[in-house]
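Secondary and tertiary structure notes
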Amino acid sequence: MNTTMTFTASGPLYCLSPSTTADDISNQIAARQSQLTALLSMTCGEQGATFRMLSDDLQDAFMWACSMLASEIQELTDALQEQLTAEGRASV
């Protein structure tokens with residue numbers, strides 16, 4: 001399994017531990033999805049008005065953080081599929 005995560009801002013900084021299980025990956029995906037949902041909820045509706053009052057640089061950094069979370073979720077989903085295949089379990 002390719003355990004190097006590439007969603008980071010610089011190089012291969014993170015790797016999954018060889019002892020990582022499908023359940024570990026699934027739990028991390030769920031946590032990151034919840035975090036991304038919470039962040040994005042601040043960009044629309046009444047909360048969005050406050051978001052749009054931030055400087056352009058802060059808005060860009062905020063959206064970059066959201067993008068990195070989405071990329072991490074995608075990589076973790078790919079890793080989960082690999083792990084489930086390796087464990088002989090049903091696919092996601």
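Scope of this entry: the structure provided in the associated data block. Every value quoted in this text rests on a predicted model; they were computed, and no experiment measured them.

This part covers the overall build of the protein. When its secondary structure is counted, the protein shows three helices and two strands. Radius of gyration (C-alpha) of the protein: 16 Å, far over the 12 Å computed for a compact globule of 92 residues. Taken along the three principal axes of its C-alpha coordinates, the protein extends 50 × 25 × 15 Å. Classification of the 92 residues of the protein by burial places 26% in the buried group. Accessible area for the protein stands at about 6000 Å²; split by element, carbon and sulfur atoms hold 56% of it.

This paragraph deals with the side chain of Q59. Take Q59: it is sitting in helix α3 (residues 56-86). With residues near it in sequence (within four places) discarded, Q59 still touches F51, R52 and L54.

Let's shift gears to α3. Between its terminal C-alpha atoms α3 stretches 45 Å, which fits the 45 Å expected from 31 residues at 1.5 Å a residue. Three or more residues of α3 are buried, namely Q59, F62, C66, L69, E72, I73, E75, L76, A79, L80, Q83 and L84. Within two residues after α3, G88 carries a phi angle of roughly 75°, on the positive side.

A full pass over the atoms with the stated rule returns one salt bridge. A salt bridge links E72 to R32; the nearest nitrogen and oxygen atoms lie 2.8 Å apart. Taken together, the residues span a long stretch of sequence, with E72 in helix α3 and R32 in helix α1 (residues 22-41) at a distance of 40 residues.

So, on to the environment of C15. Tracing the backbone shows C15 in strand β2 (residues 14-15). Sequence-distant contacts of C15, defined by excluding residues within four places in its chain, comprise T3 and T4.

A separate point is the packing of aromatic side chains. Counting across every chain of the model gives two aromatic pairs. Judged by centre distance (5.8 Å) and plane angle (0°), the rings of F7 and Y14 are stacked.

With the rule as written, the count across this model stands at zero disulfides. Not part of a disulfide, C44 finds its nearest cysteine sulfur in C66, a span of 11 Å. You can call C66 buried: its relative accessible area is 5%.

Scoring rules and cut-offs
Residues numbered from 1 in each chain as written. Predicted model: local features only at pLDDT ≥ 70, side-chain atom pairs only at ≥ 80, totals over all residues. Heavy atoms only, no water. Helix = DSSP H or I, 4+ residues; strand = E, 2+ residues; numbered from the N terminus. Rg over C-alpha atoms; globule rule 2.2 N^0.38 Å. Buried < 20%, exposed > 50% of the residue type's maximum accessible area, 1.4 Å probe, protein only. Areas by Shrake-Rupley, 256 points an atom, 1.4 Å probe, with all protein chains shown as cover. Contact = heavy atoms within 4.5 Å. Expected span 1.5 Å × (residues − 1). Salt bridge = Lys/Arg side-chain N within 4 Å of Asp/Glu carboxyl O. Phe/Tyr/Trp six-rings, centres within 6.5 Å; stacked < 30°, edge-to-face > 60°. Disulfide = S-S within 2.5 Å.

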